[in-house]
Amino acid sequence: MSAFNAIGEEREIDRDEFTPSVEPQPTWCPGCGDFGVLKSLKQALPEVGKTPEEVLTVTGIGCSGKLNSYLDTYGFHTIHGRSLPVARAAKLANPELEVIAAGGDGDGYGIGGNHWIHTARENHDITYIVFNNEIFGLTKGQTSPTSPKGHKSKTQPSGSAKTPLRPLSMSLNAGASYIARTAAVNPNQAKEIIAEAIEHDGFAHVDFLTQCPTWNKDARQYVPYIDVQESDDYDFDVTDRREAAEMMYETEDVLNEGTVLTGRYYVDEDRPSYLEEKRAVGELPDEPVAERYFDEDAEWERSYDLLDRHT
Amino acid sequence: MSDDELIWRIAGGSGDGIDSTSQNFAKALMRSGLDVFTHRHYPSRIRGGHTYVEIRAAGHEVQSRGDGYNFLLSLGDSFARNPQEEAYYGNEEIKPLSENLDDLREGGIIVYDEGLISEEDVADLDLEERAEENDWHVFPMDLRGLAKEHGREVMRNTAGVGVTAALLDMELEHIEDLMSDAMSGDVLESNLEILHESYETTKEEYDFEHDLRAPEGSHETEQALLSGSNAIAYGAIDGGCRFISGYPMTPWTDVFTILTQNFPDIGGVSEQVEDEIAAAALAVGASHAGVKAMSGSSGGGFALMSEPLGLAEMTETPLVLVESMRAGPSTGMPTKPEQGDLEFVLYTSQGDSSRVVFAPGNIEEAYEQTRLAFDIAWEYQIPTIIIYDQKLSGENTNVDVEFFDREPEPGLGSTLTEEELKEAAHDNSGKFKRFNYEDAENGVAPRSLPGQKGGRYLATGNEHSPVGHISEDPDNRVFQMDRRIGKLDAIREELDEERPSNQTYFGDETAEYGIITWGSSQGAVQEAVQRLNESGHSVKGLSVSDMMPFAEAEVTDFLESVDEAMVVEMNATAQFRGLIQKELGRFGDKMTSLLKYNGNPFEPAEVVEGYEVNLADEDRQPTAQVRIEPAAGD
Ligand SMILES: Cc1ncc(C[n+]2csc(CCOP(=O)(O)OP(=O)(O)O)c2C)c(N)n1
Ligand code: SF4
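Definitions and limits used
- Residues numbered from 1 in each chain as written.
- Chains lettered and ligands numbered in written order.
- Predicted model: local features only at pLDDT ≥ 70, side-chain atom pairs only at ≥ 80, totals over all residues.
- Heavy atoms only, no water.
- Helix = DSSP H or I, 4+ residues; strand = E, 2+ residues; numbered from the N terminus.
- Near = heavy atom within 4 Å.
- Polar contact = N/O pair within 3.5 Å; in protein donor to acceptor, adjacent residues only side chain to side chain.
- Areas by Shrake-Rupley, 256 points an atom, 1.4 Å probe, with all protein chains shown as cover.
- Pairing = 2+ DSSP bridges.
- Axes fitted to C-alpha atoms, helices over the stretch in contact; angles between N-to-C directions.
- Contact = heavy atoms within 4.5 Å.
- Parallel < 35°, antiparallel > 145°, perpendicular 65-115°, else oblique.
- Nonpolar A, V, L, I, M, F, W, Y, C, P; charged D, E, K, R; others polar.
- Phe/Tyr/Trp six-rings, centres within 6.5 Å; stacked < 30°, edge-to-face > 60°.
- Buried < 20%, exposed > 50% of the residue type's maximum accessible area, 1.4 Å probe, protein only.
- Lys NZ or Arg CZ within 6 Å of the ring centre and 35° of its normal.

**Some words on unusual backbone geometry**
Residue and element names in this part refer to chain B.
- For the bond from threonine 250 to proline 251, the omega torsion is 0°, close enough to zero to count as cis.
- With omega at -5°, the peptide bond leading from glycine 328 into proline 329 counts as cis.
- By secondary structure assignment, the location of proline 329 is in the loop between strand 11 (319-325) and helix 14 (342-347).
- In this structure, aspartate 135 takes a positive phi of about 60° despite not being glycine.
- Structurally, the position occupied by aspartate 135 is in the loop between helix 4 (127-134) and strand 6 (137-141).

**As for the site of ligand 1**
- Close contacts around ligand 1 come from 17 residues, with Cys63(A), Gly106(A), Asp107(A), Gly137(A) and Leu138(A) the closest.
- Ligand 1 sits at the junction of chains A and B, each of which supplies nearby residues.
- Asp107(A) is positioned such that a nitrogen or oxygen atom in its backbone is 2.7 Å from an oxygen atom of ligand 1.
- Relative to its unbound accessible area of 580 Å², ligand 1 is 76% covered by the protein chains.

**Describing the sheet that holds strand 12 (residues 356-358) of chain B**
All names here are of chain B.
- Strand order in the open sheet formed by seven strands is 9-8-10-11-13-12-19, and the pairing between neighbours is mixed. Of all the strands in the sheet, the pair left with one neighbour each is strand 9 (269-272) and strand 19 (546-548). With direction set aside, neighbouring strand axes in the sheet form an average angle of 20°.
- Here strand 12 runs beside strand 19; their pairing, made up of two bridges, is antiparallel. The residue of strand 19 that forms the bridge with valine 357 is methionine 548.
- Packing against the sheet, helix 11 (residues 276-288) makes contact with strand 8 (243-246), strand 9, strand 10 (293-297) and strand 11, and its axis sits at approximately 165° to strand 10.

**Quick notes on the packing of helix 4 (residues 113-122) of chain A against helix 5 (residues 167-174) of chain A**
Residue and element names in this part refer to chain A.
- Running from amino to carboxyl end, helix 4 crosses helix 5 at an angle of 50°, the nearest separation of the two axes being 7 Å. The orientation of helix 4 with respect to helix 5, classified from their angle, is oblique. On the side of helix 4, the interface is formed by Trp116, Ile117, Ala120 and Arg121, while helix 5 contributes Pro167, Met170, Ser171 and Ala174.
- Classifying every residue of the contact of helix 4 with helix 5 gives six nonpolar, one polar and one charged.

**Quick look at the packing of aromatic side chains**
- All told, the structure shown has 21 aromatic pairs over all chains when counted by the stated rule.
- Measuring from centroid to centroid gives 5.8 Å for Phe302(B) and Phe344(B), while their planes differ by 85°, and the two rings are edge-to-face. Of this pair, Phe302(B) sits in helix 12 (residues 299-304) while Phe344(B) sits in helix 14, and the two are 42 residues apart along the sequence.
- The class of Phe302(B) is buried, set by a relative accessible area of 0%.
- Chaining the aromatic ring pairs together yields one cluster made of Trp28(A), Phe35(A) and Tyr70(A).
- Sitting over the face of the ring of Tyr249(A), Arg166(A) holds its NZ or CZ atom 3.8 Å from the ring centroid.

Pasting the structure below:
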């Protein structure tokens, strides 16, 4: 018998199950885009048939990091920038868990940038949602890696001299196998994309545009959105690296000029996930390692056998 | 300094196979019935540069590298395989001979490779004169030529072993066996030829006037040769560890590599990751999801781990970290030991943070305490750190195999099964009280694992309520803090009452003078205490392993029982002595320090000298590179 019966349970799942029945109420400001991510996750998870107990949401620190405080799954609210390494290992320890990592643009693209690049490179089978509000929210409005050039904040009073980071292109170059951008003001698309990302077998990076009405009133999140797939102006093949790269580049350019393009940018179903790659070279057992500890018949090889013994 | 021991030093260039040759020779000596202890001295470079390994072998127990040595096999030319236009400093050809003469004992043997070391260079050393003075017996041999003739030049260390065996009157049987285990085909053939030819030639060419012969001994039980890193890796496996994540840094890399190489066969997972923050964070993630996990590093890498370490503590995620010290600050001396990270390991991470810290003193303790670390970490849901150093990491000694005769302990400690979860505390809404403080025994609130039915909760590095919600409620804060901190008292009680002591005692129980040490300095102190007692002094020793929670009762008893104590440790600021004073709040006027921080571990004779100087005259410093730090008034 499995020690993890909530995993793979077949039943009708109500989205209300993902809402904590007691405190806490979200501490997010009214109108915050983070509500949109919470909502789309609550809609997507039952849709893809996940029970709250088989889902592990791992977050960083920031307003965004509070996501799993208001979402009733198994959760791990880690430390600033470190959600991905924690999430990766949980998946390796028990590949049957549905692991979703989330955090802010400061958290994920700034302090956690190194982990992001390497998680994408290795194509870990986890979903990564970055709440991109182009600002540090929780620490009160400092410039973030995605804030546009010239952005003024208390730490860049004369306007930022830095060119913003290009998250989609970065992820593609690093090796992510699913890359999309969506927005809190676009709930239908957001739900669909999150559901797809969860079902994707490999590293699925969703750059989720969220507005921060408190610190970033100027952000372009309020202008109309265009879905790149649905618009005739932007015809490209999402499975083609070069075309995707070109589209991302264009998108990331126009984002700073006031046009917001969202949608799927790159979907590679052929690239094996890290779990598969690691199994193929004999570095990962077929059965989840976490299950062994509950298996009474498990054989625990001794280190004693490793010794060279002689009288 | 007993005469019935061999301390064989093989010196040459790093990358010349000195490590594997000495490892095999140590095994051969062990198989011939001797107790062995090895010591590695190497520079921080991969190929080229002078390096040596010492093997001490005797028919009785050996606890340290000993003082000096009595057999030098000098291969010659530290850069022979890696010619460089501008060789480092000095004359590299002669270094394996010239650099090693100072520590060679009277009556010792020198074998050097005259195929690589030139006559003029030797003449410059005044070797003849010094040999006469010290009664050294010098045997120039063309090791390189011999090797070349039958195989390849690199096999000159095999030739050296053959010469050694001949000069010591050893049988070749064990050496041959080990060679056959390690290689095959042409390579084996050539090596065997070289071994025999060098053996025979030596026997024919020379009359042996020296007294040194291979000591005799026998083992009644099976023995295994292993290093401190092996012992930690094996202790982890037997403690149920099946996940390791790391980033290479000397000397921690050894543990990381050994586990990585063993895991595919025993169903474990190893990850080499982007940095040490990630390494420790991965271990936290794997542990959270239900696998016994470990990570580790050396000083600089461990610094990066302080964040995930605190996270593990706050979320009560069990975790074992190892910290293999090397000389600091910063990158310090990458390949030299020091016991300078004690305070760092005890107090790193913000807040009133606590963890369990064990400092094993020898190879058996390294195995035992690593197992214990896993047990305690999972039972009490607390990070546990094994602190050791480059010396213990790399030294090899034989251990009675019976020592390992015990069952593995894979259990997840205070983790619930789904059945148990049904009975566990839940709040009114039906949520599992993961961080329940109401009836937590010993501070421990049983945990669930993601994927289990009925155990959903939020783990967070923020202060949190019993179900895991972020909370700044003052009452909750105090309850949770008290519960978490209370674990240390419970652990201390368990260690004192239910477990065999991790502290090691030696010497004469009734002695009025005590020597206290910790970690890898244990062996040298143990031997020094033995020698002092043999020469008519009355001294006893204590080596402490429990750094946090501190072995308060045992150290208090020991210090109360002596008039004076000397604390021996390898650092410049007397960190362990400071810890004793902090923990016990007294004894400042009883303790003197003997400190060494030049990159080389203590030799027993230095501890003996420190004792003598301390007793004789407090103002004098010992002659060796050690320092006496006098007692401070309370
Ligand atoms: C190591 C560390 N450095 C800094 C902080 C302070 N800090 C908390 S949240 C945050 C930035 C949050 O910005 P972002 O990730 O964009 O998330 P948002 O709040 O906008 O959702 C910072 C710098 C911290 N908690 N830990
Ligand atoms: S500060 Fe900004 S990001 Fe944070 S909750 Fe308020 S609106 Fe949302």
